Amino acid sequence: MVGPSGAGKSTLLGLVNGAVAPTAGAVQVLGVDPAALRGRALRRLRARVGTVHQHLELVGQLRVVHNVNAGRLGSWPAGRAAWSLLRPQGVPEVLEALDRVGLAERVFDRTDRLSGGQRQRVAVARLLVQQPELVLADEPASALDPALADRVLGQLAGLVATGDRAMVASLHDPALALRHCTRVVGLVAGRVVLDAPAAELTVADLATFYGAPR
Amino acid sequence: MTAVLDAPAPARPPLRRVRARWAWGLGTVVVVGWSLAGAGLFSGDVLNPAGRVQFGRFAGAALSPALDPAFLQVLAASVLVTVAYAVLGATLAVLLGALGAVLVARTTWGRRRLGWTLARGLLAVPRGLHEAVWGLLLVNVLGLDPWVGVLAIGLPYGAVTAKVFADLLDEVPRASHDALLAAGAGRVPAVLYGLLPPASGGLLSYSFYRLECAVRSAVVLGLIGAGGLGYQLSLSFSSLRWEQVWSCVYALAALCLLADVGGRAVRRRLAAPHTPGDRLARDRVLTAAVLTTLALVAWSWWYLAITPATLLTDRTRQQLTYVLGAAWPPDTDGDLVRSIGSRAVDTVQMSVIAIAVATAGAVLLAGAAARPAGRTGPGRRLTGALVRIGLLLLRAVPPPVWALVLLFVLLPGVLPGALALGVYTLGVLGRLAAEATEELDPRPRAALAALGAGPAAGWLYGVLPGATGPVLAFALYRWEVAVRDSVLVGLLGAGGLGALLASRVGAFDWAAVTSVLVAMVLLTLAVDLVGARARAALR
């Protein structure tokens, strides 16, 4: 998803994960309307959708292992969630996920001791543990240097490539969008103005979206 | 990606617990258990079943406070007295604080550490004694004079204000101040242009906060006889006129709420003043607040009929010379020292139970008392408002009054005093904990909700980790306050060092009074030190 700031990219992602309620019309997420669900059923749907922002969703005061385990809070009962804060549960899976993002040795560090890029990778590890069917990424690379941004998107794309999954990402960098995505949708002022396979587009085609005066 | 998946499982680094924190946690559990045992919770009766009827009558009067015109007139007059004491006391404190800040700021001393440490140590003495203790001492020097109330608030508050003002000045980034000095400005102009402007918001804001606190202290001084709302409350209480007691409590709560809301409004405005950029003008609300305060000072001076002459009469000088002469050297008799020791243990246990009760209650209520960030139903909003009003009532009633109420249902001893302090502190700590919860970054919790976490798990992972640090730090700070307040509860009979002090002052045994006062100051210093260490371990 590409578009100038204020085009409605974050709002669209919010509509999908239920953070924003539609004022008109209806939303279908994985075949269900989240507005029609309450309580446990809504939580079950949310557990199937994973969101990653610019590592702002992590709790700095918790150890990395808990922040990764938070990906399983949708399926864990409250008692197990509480006990895990005292004796970390499911550490092997956490370690495996952290190893895939290259942070296995930091598993028991406090999250606020990590750098911005490392935290971003912890957020990806949380998704790896959550195993969502739909990944929503709201400018996942904007706080990272180009090499790291490429790596993080590669990891997200790798997760989506396993099994029957999909990712919707809003991106600032046209090159990243073309390299890691299969389809590019351009939004301007809340309307779809472009929808094409990434293979048919070039960086120059997308430049207009980032240069648009706003 | 798949290639990485096939790699051998990564080695598991050891889970290291932070040893200092575990030690502090274990120590806390032991100390709380020891305090509860000391209060007699595990040995013998603590409940007083006979008092249930009287308590029922007291509670029943809550809905029918006394509203007859004669009593309301008396009530209005005592409110005015309380306000006048608070205003004059706070003004004196701010004046003393401004002078004292110069004496204890690092800016003044520079690298001369010894002088700075001595000046700071000197401030600890007036700070370590509760306002009520000052009142008790001053009444023996000045007699029954309005100065007693004003000085009893002004002296200890002045010492605290001096410390805070100095810290505010020292925390300002030094670059602009040093640049002025380097450009050849004198020391005073450099401070006026480089340090005061960035610190002025904090200084004013803290002054208004002190005014709020002074209202509460003026009530407490009334309880020990200085007149005003507190005096009226204790009169009504001792004559068992429960309807009047509740009228006083409601008046008190309204006064505290007014001070609270007014102070917060001024402080919020100070953080973001409304001034036009194109011409020289001041923020109207702030100007009005400052002018109103000045008018209140003049009115209070007139209303309490205070004259500086009282402080300079021959009688005052003779009395002061006599008391000081009799008070030195302090009494170091073995019996007295032993008694001070055991009373100090009582005081510590009382404060520990109080903080344990208040912290537990604050953690339980913080979620309900915090204003939720998003949309919520009317039920949630109503619960929140009720909890907040309840907390306000808890902190509006001074701890000694809570002790008297609890004595209906509990047998006399350390426990009612401790619970009274605990209930009052819960009122303060509950609000602080709710504010700490409100100030947390909402995004982690929103992210947890978005991935399907339930309310309990969301609270455990999204709120608890962030709120624990600030709430425990507040609890430790309030513990230092509670040690001082437990002296006050003791003054009115709940045991501990306060009771000992009251009996020694009553017997005009000034040498023993000095010993007790020294013990109080040392105890406060020790608690400050332990609290500071514990806070450092939390960070």
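Residues numbered from 1 in each chain as written. Chains lettered and ligands numbered in written order. Predicted model: local features only at pLDDT ≥ 70, side-chain atom pairs only at ≥ 80, totals over all residues. Heavy atoms only, no water.

### Here we look at the overall build of chain A
How we decide: Secondary structure elements follow DSSP: runs of H or I no shorter than four residues count as helices, runs of E no shorter than two count as strands, and numbering proceeds from the N terminus. Radius of gyration: C-alpha atoms only; globule rule: 2.2 Å multiplied by the number of residues to the exponent 0.38. Each residue is assigned to one of three classes by its accessible area relative to the maximum for its type, calculated with a 1.4 Å probe on protein chains only: buried under 20%, partly exposed between the two thresholds, exposed over 50%. Should any heavy atoms of two residues lie within 4.5 Å, those residues are considered in contact. Residue-level accessible areas treat just the shown protein chains as cover; the underlying method is Shrake-Rupley with a 1.4 Å probe. Think of it this way: Lys and Arg go in the positive column, Asp and Glu in the negative one, and His and the chain ends go nowhere. Charge positions come from single atoms, namely NZ of Lys, CZ of Arg, CG of Asp or CD of Glu.
On a plain count of helices and strands, chain A comes out with 9 helices and 5 strands. Taken from the N to the C terminus, the helices and strands of chain A come in the order α-α-β-α-α-α-α-β-α-β-α-β-β-α. Expected size for 214 residues packed as a compact globule is a radius of gyration near 17 Å; at 18 Å, chain A falls within 12% of this value. A principal-axis box enclosing the C-alpha atoms of chain A has dimensions of 50 × 40 × 30 Å. Expressed as a percentage of the 214 residues in chain A, the buried residues total 50%. A sequence separation of at least 24 residues applies to 64% of the contacts in chain A between residues at least 6 apart. Summing over all exposed atoms, chain A offers an accessible surface of approximately 9,700 Å²; the carbon and sulfur share of this is 53%. For chain A, the distance from the average site of its 24 positive side-chain charges to the average site of its 18 negative ones is 9 Å.

### Some remarks on the confidence of the model for chain B
Residues and elements named next belong to chain B. Inclusion rule: Per-residue confidence from the predictor is reported as pLDDT, which spans 0 to 100.
Across chain B, pLDDT averages 82, with 95% of residues at or above 70. Per-element confidence in chain B is highest for helix 4 (residues 69-104), whose mean pLDDT is 90, and lowest for helix 1 (residues 2-5), whose mean pLDDT is 45. Long-range and interchain partners of residues 1-5, a stretch whose pLDDT sits below 50, account for 6 contacts in this model, where long-range means more than four residues apart.

### Here we look at the pairing of strand 5 (residues 191-197) of chain A
Looking along a regular strand, one sees the side chains alternate between the two faces of the sheet. Residue and element names in this part refer to chain A. We count it as follows: Strand pairing is assigned whenever DSSP detects at least two bridges linking the two strands.
Strand direction decides the pairing type here: strand 4 (residues 183-188) and strand 5, joined by 6 bridges, are antiparallel. From the neighbouring strand, V184 faces strand 5, where its bridge partner is A196. Hairpin connection, strand 4 to strand 5: the antiparallel pair is bridged by 2 residues, and A189 has positive phi, about 50°.

### As for the sheet that holds strand 1 (residues 49-52) of chain A
Residues and elements named next belong to chain A. Rules: For helices, the axis comes from a line fit to the C-alpha atoms of the stretch in contact; other axes are also lines fit to C-alpha atoms, and the angle between any two N-to-C directions lies between 0 and 180 degrees.
Read across the open sheet, the 3 strands follow the order 1-2-3; overall the sheet is parallel. The open sheet terminates on both sides in strands that have one partner only, identified here as strand 1 and strand 3 (166-170). Direction aside, the axes of adjacent strands within the sheet are offset by 15° on average. Relative to strand 2 (residues 134-138), strand 1 is paired through 4 bridges, and the arrangement is parallel. Counterpart to T51 in the pairing with strand 2 is L136. Contacts between helix 7 (residues 146-161) and the sheet are confined to strand 1, strand 2 and strand 3, with strand 3 contributing the most and set at about 155° to the helix.

### Regarding the nonpolar core
Residue and element names in this part refer to chain B. The cut-off we apply is this: Among the buried residues, those of types Ala, Val, Leu, Ile, Met, Phe, Trp, Tyr and Cys that are joined through side-chain atoms within 4.5 Å form a nonpolar core. Throughout, the edges of the domains are those of an automatic or database domain assignment.
Formed by 122 residues in total, the largest nonpolar core has its most connected members in V133, L501, L517 and M520. Here the element with the most residues in this core is helix 12 (residues 242-271); it accounts for 13 residues. Taken domain by domain, this core gets at least three of its residues from each of domain 1 (62-272 + 283-326) and domain 2 (339-538). In this structure, L501 is in contact with V133, L136, L491, V513, V516, L517 and M520, ignoring residues within four places of it in sequence.

### Considering helix 10 (residues 187-226) of chain B
All names here are of chain B. Heads up, the condition is: In this analysis, the expected span of each helix is defined as 1.5 Å times one less than the number of residues it contains. Fitting axes to the seven residues ending at a residue and to the seven starting there, one defines the bend at that residue as the angle between these axes.
Look at helix 10: only 44 Å from first C-alpha to last across 40 residues, short of the 58 Å you get at 1.5 Å a residue. In helix 10, a bend of some 55° at L196 exceeds every other bend along the element, and P197, a proline, comes one to four places later. Positive backbone phi, at 90°, marks G227, one or two positions downstream of helix 10.

### Focus: the domain arrangement of chain B
All names here are of chain B. To be explicit about the condition: Each reported salt bridge corresponds to a side-chain nitrogen of Lys or Arg within 4 Å of a carboxyl oxygen of Asp or Glu. The definition of a polar contact used here is a pair of N or O atoms within 3.5 Å, where within protein one atom must be able to donate a hydrogen and the other to accept one, and adjacent residues in sequence count solely through side-chain atom pairs.
Domain annotation of chain B identifies domain 1 (62-272 + 283-326) and domain 2 (339-538). If you average the C-alpha positions of domain 1 and of domain 2, the two centres end up 22 Å apart. Across the boundary between the two partners, domain 1 contributes 29 residues, which contact 33 residues of domain 2. For the interface between domain 1 and domain 2, the tally reads 0 salt bridges. Summed over the shared surface of domain 1 and domain 2, the number is 2 residue pairs in polar contact (both at pLDDT 80 or more). Among the secondary structure elements, those contributing two or more residues to the side of domain 1 that touches domain 2 are helix 6 (113-128), helix 7 (131-142), helix 10, helix 11 (229-238), helix 12 and helix 15 (314-327). Here the side of domain 1 that touches domain 2 gets 8 residues from one element, more than from any other, and that element is helix 12.

### Section: the packing of aromatic side chains
Residue and element names in this part refer to chain B. This is how the line gets drawn: Paired rings are identified among Phe, Tyr and Trp, the last through its six-membered ring, by centres lying within 6.5 Å, and are further divided according to the angle between planes into stacked (under 30 degrees), edge-to-face (over 60) and tilted (the rest).
By the definition in use, this model includes 16 aromatic pairs over all chains. Judged by centre distance (6.1 Å) and plane angle (90°), the ring pair of W147 and W301 falls under edge-to-face. Placement of W147 in helix 8 (residues 146-171) and of W301 in helix 13 (residues 284-303) is noted, with a sequence separation of 154 residues between them. Judged by its relative accessible area of 9%, W147 is buried. Classification of W301 as partly exposed rests on a relative accessible area of 37%. Both rings, one in F165 and one in Y206, keep their centres 6.2 Å apart while their planes meet at 70°; by these two values the pair is edge-to-face.

### Regarding the interface of chain A and chain B
Rules: As used here, buried area is the combined drop in accessible area, with a 1.4 Å probe, of two parts when they are placed together. Note that Gly is not counted as nonpolar here; it falls among the polar residues with everything else outside the nonpolar set of Ala, Val, Leu, Ile, Met, Phe, Trp, Tyr, Cys and Pro and the charged set of Asp, Glu, Lys and Arg.
Between chain A and chain B, the contact holds 41 residues from the first and 32 residues from the second. Ranking the residues of chain A by area buried against chain B places A:L73, A:R100 and A:F108 at the top, with a combined share of 18%. The interface formed by chain A and chain B includes 0 salt bridges. For the interface between chain A and chain B, the tally reads 3 residue pairs in polar contact (both at pLDDT 80 or more). Contributing elements (two or more residues each) for the side of chain A that touches chain B: helix 2 (39-47), helix 4 (78-86), helix 5 (91-100), helix 6 (116-130) and helix 7 of chain A. Here the side of chain A that touches chain B is composed, by residue class, of 21 nonpolar, 9 polar and 11 charged.

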